[in-house]
Amino acid sequence: MSRIGNFPVPLPKGVDVTLTSGRISIKGPLGTLSQALSATIEVTHAGDYIVFKARDESIQTNAMSGTLRALVANMVQGVTKGFERRLQLVGVGYRAQAQGDKLNLTLGFSHPVVHQMPKGIKVETPAQTEILIRGIDKQIVGQVAAEVRGYRPPEPYKGKGVRYSDERVVLKETKKK
């Protein structure tokens, strides 16, 4: 069986789990998340833990048990603490400004870029060159951060562009005469 799938998911105080046929819903202080279940994985709610068990020993089922366990663990973390991604703008004149559920970006184009945030995602700009994206769904937070970074990814010669705060951009050496 999958090594990850063997570990039960602990449930903190204030988190409610609802198992219905084919779905699991997790409700916490920050909101509610739901996930479809695989028919080949048996999910049980035992006390303060959620346990995953494969119904057969196929490779696909073993892989799915670990995947489902990781998704549910991320759901539990999302409804209790939430997720966040930090982006930095590097370049002269590159600025960001959050206005409600929109992010206005000035990235050196002839026009400003306006990015509409999806439902459940909050954006903040603590500084003009810093963007903070928060939400309870890890996948959506990461996707929004990737979309914002995609407007102007870091270029390899000067490092200008939008980058993750923990990203290291390897700069190339310029051409010599």
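In what follows, the accompanying structure is described. Because the structure is a prediction, the values reported are computed rather than measured.

Each value, and the rule that gives it
- Residues numbered from 1 in each chain as written.
- Predicted model: local features only at pLDDT ≥ 70, side-chain atom pairs only at ≥ 80, totals over all residues.
- Heavy atoms only, no water.
- Core = buried A, V, L, I, M, F, W, Y, C linked by side-chain atoms within 4.5 Å.
- Buried < 20%, exposed > 50% of the residue type's maximum accessible area, 1.4 Å probe, protein only.
- Helix = DSSP H or I, 4+ residues; strand = E, 2+ residues; numbered from the N terminus.
- Pairing = 2+ DSSP bridges.
- Axes fitted to C-alpha atoms, helices over the stretch in contact; angles between N-to-C directions.

**Structural notes on the nonpolar core**
As a rule of thumb, soluble globular proteins bury nonpolar side chains together.
At step 1: Membership of the largest hydrophobic core comes to 20 residues, with the highest contact counts inside it found for Leu 87, Leu 89, Leu 103, Leu 105, Ile 131, Ile 133 and Val 148.
At step 2: Looking at this core, the elements that each hand over two or more residues are β7 (83-90), β9 (102-106), β12 (130-135), α3 (138-150) and β13 (161-164).
At step 3: With four residues, α3 is the single largest residue contributor to this core.
At step 4: Ranked by size, the runner-up nonpolar core spans 19 residues in total, among them Val 17, Ile 41, Leu 68 and Val 79.

**Things to note about the side chain of Ser 65**
At step 1: Turning to its location among the elements, Ser 65 is positioned in helix α2 (residues 59-80).
At step 2: The class for Ser 65 is buried, based on a relative accessible area of 0%.

**Remarks on the sheet that holds strand β10 (residues 113-116)**
At step 1: In space, the three strands of this open sheet follow the order β8-β9-β10, with antiparallel pairing throughout. One side of each edge strand has no neighbouring strand; the edge strands of this open sheet are β8 (95-99) and β10. For this sheet, the mean inter-axis angle between neighbouring strands, taken without regard to orientation, is 20°.
At step 2: Relative to β9, β8 runs antiparallel, the two sharing five bridges. Following the sheet pairing, Gln 97 is matched in β9 by Asn 104.

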